[in-house]
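Each chain, written out:
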Amino acid sequence: MDTILYFYKKRGLQAPVAEPLGMKSYLLIRVALDVGQEEWFGRKLCMERETPHSSAVEAGTPWEEPYNPGASTGRRRGIWAGLLRFLWQREDVRGAESKGERCRKQTDKAGTKDMGGQKPVTGTKRKKKNRRLLDREEIQAREEWQRRVEEVDNAVGRLAALAEEWAGGFEECFCVYEDSVRKALLGDGADRDEKVLEGKLDASDGNILAKLWRRHLPLEEFHGYLNRMWVEQLLKGVEPFHYVILGRASCLPAVLETYAHRMKSLKWILPENDCDQELETFVEDFYTEFGLAIVLQRIPAGRKRVQFICAEPSVILDFTGEPGTGMPELAEGSVWLDMLSVEEKRRRIAGRMKGVQYDSLKERWKTVQRKKPFMP
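Here's a quick rundown of the structure. (Residues numbered from 1 in each chain as written. Predicted model: local features only at pLDDT ≥ 70, side-chain atom pairs only at ≥ 80, totals over all residues. Heavy atoms only, no water.)

**Let's talk about the sheet that holds strand β5 (residues 39-40)**
Stage number 1. In space, the three strands of this open sheet follow the order β4-β5-β6, with antiparallel pairing throughout. Edge strands, defined here as strands with exactly one partner in the open sheet, are β4 (35-36) and β6 (43-44).
Stage number 2. Of the strand pairs in this sheet, β4 and β5 are connected by two bridges, and their pairing is antiparallel. Paired with V35 across the strands is W40, a residue of β5. (Pairing = 2+ DSSP bridges. Helix = DSSP H or I, 4+ residues; strand = E, 2+ residues; numbered from the N terminus.)

Written out as structure tokens, the structure is:
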């Protein structure tokens, strides 16, 4: 029996919340996570760059910034005015240098007298001391980073062990992610390397969370949305309606024959390149056997905006996988079944189509309730 591990985002959690749900034909393990870019439940996995310690800045500079003759000096007043201004500013800098040097010598002399004749710390010694301080801070920061990585590594390992126990092994397990969770956990999608397998990670590697995730859950993503079993999962419970099909799938002929008794009417909208002889033969045979005429609407190849009107509540079977919805006019009470679970389409339908219900496998996996205790 297949196992679906569905990972979705839920803010405000302190740890993963996993829940096994025994369905009739498969096992669903739903896991709520609060993750982000290189972040696991508030623990940052990127190496934070420490700013230089304030004591590392050598004191005694008599001005804020050195003069930059190439910088803008406001409105131009001619070459001679600019030259005179440059010479005056250089004289100010030299005067400041002389004054600063005199103050420094007087301070050193007074400090030597207060220290009983001992020489104060020189600039070189001060820099070495500050360097040691920065090195110590860097070591502490790296140790803190390693501690966070170990905590996350252990947490992901415990989650993987629990899922494997519920599923009885990972042989028939597939992962499904919400878009934001997928981006956080899989990173750039790079293949596993030796550092992941050997457990060697470095802050400079990048994608630390993705490497930890692949170390414990190197499972294949689910891509079987268009298989007959999963298409029929969405069609279960849908009341008799007028039906509109967008796109094409290899399982559609068998699915239409199974659910023909529910259909009041059927319109099939697809690119003209997909309207081959096999499809036309199926349409003729379908009418002969079930007495239901399929209205074919061909659209030019490459055209993504599809316009159609449903004056009565209808069921839209969307096999296109496109994030857009075209320009349909649907009656209230219609149902849009997104067979490929495109999250952007859900947001667009919710914002633009009043009274239209959106449904997909991801939506069902996220909201399905436990009917009876799961027994592993």
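**So, the pattern of salt bridges**
It is possible for side chains of opposite charge to pair when their charged atoms get near one another.
Stage number 1. Taken as a whole and assessed by the stated rule, the structure comprises 20 salt bridges.
Stage number 2. For the salt bridge of D153 with R215, the shortest nitrogen-to-oxygen distance reads 3.0 Å. Here R215 lies in helix α5 (residues 208-216) and D153 lies in helix α2 (residues 123-167), a separation of 62 residues in the sequence.
Stage number 3. One network of salt bridges, in which partners are shared, links R43, E144, R147, R148 and E151. (Salt bridge = Lys/Arg side-chain N within 4 Å of Asp/Glu carboxyl O.)

**Examining the environment of V335**
Stage number 1. Positionally, V335 belongs in strand β14 (residues 335-338).
Stage number 2. V335 gets classed as buried once you look at its relative accessible area, which sits at 11%.
Stage number 3. The spacing of V335 and F241 is 94 residues in sequence and 9.4 Å in space, taken between C-alpha atoms.
Stage number 4. Beyond its immediate stretch of four places on either side in the chain, V335 contacts S314, V315, I316 and Q357. (Buried < 20%, exposed > 50% of the residue type's maximum accessible area, 1.4 Å probe, protein only. Contact = heavy atoms within 4.5 Å.)

**Concerning the side chain of S341**
Stage number 1. Note that S341 resides in the loop between β14 and α9 (343-352).
Stage number 2. The exposure class of S341 is buried, given its relative accessible area of 5%.
Stage number 3. A distance of 3.4 Å separates a polar side-chain atom of S341 from the backbone nitrogen of L361.
Stage number 4. Among residues more than four places away in sequence, those in contact with S341 are Y225, Y358, S360, L361 and K362. (Polar contact = N/O pair within 3.5 Å; in protein donor to acceptor, adjacent residues only side chain to side chain.)

**What about the nonpolar core?**
Stage number 1. Counting 81 residues, the largest nonpolar core has F7, L33, W40, W213 and W365 as its most contacted members.
Stage number 2. In terms of residue count, the dominant contributor to this core is α2 (10 residues).
Stage number 3. When residues no more than four places from it in sequence are discounted, the contact partners of L33 are F7, Y8, K9, K10, L13, P16, W40, F41, L159, V181, L185 and W213. (Core = buried A, V, L, I, M, F, W, Y, C linked by side-chain atoms within 4.5 Å.)

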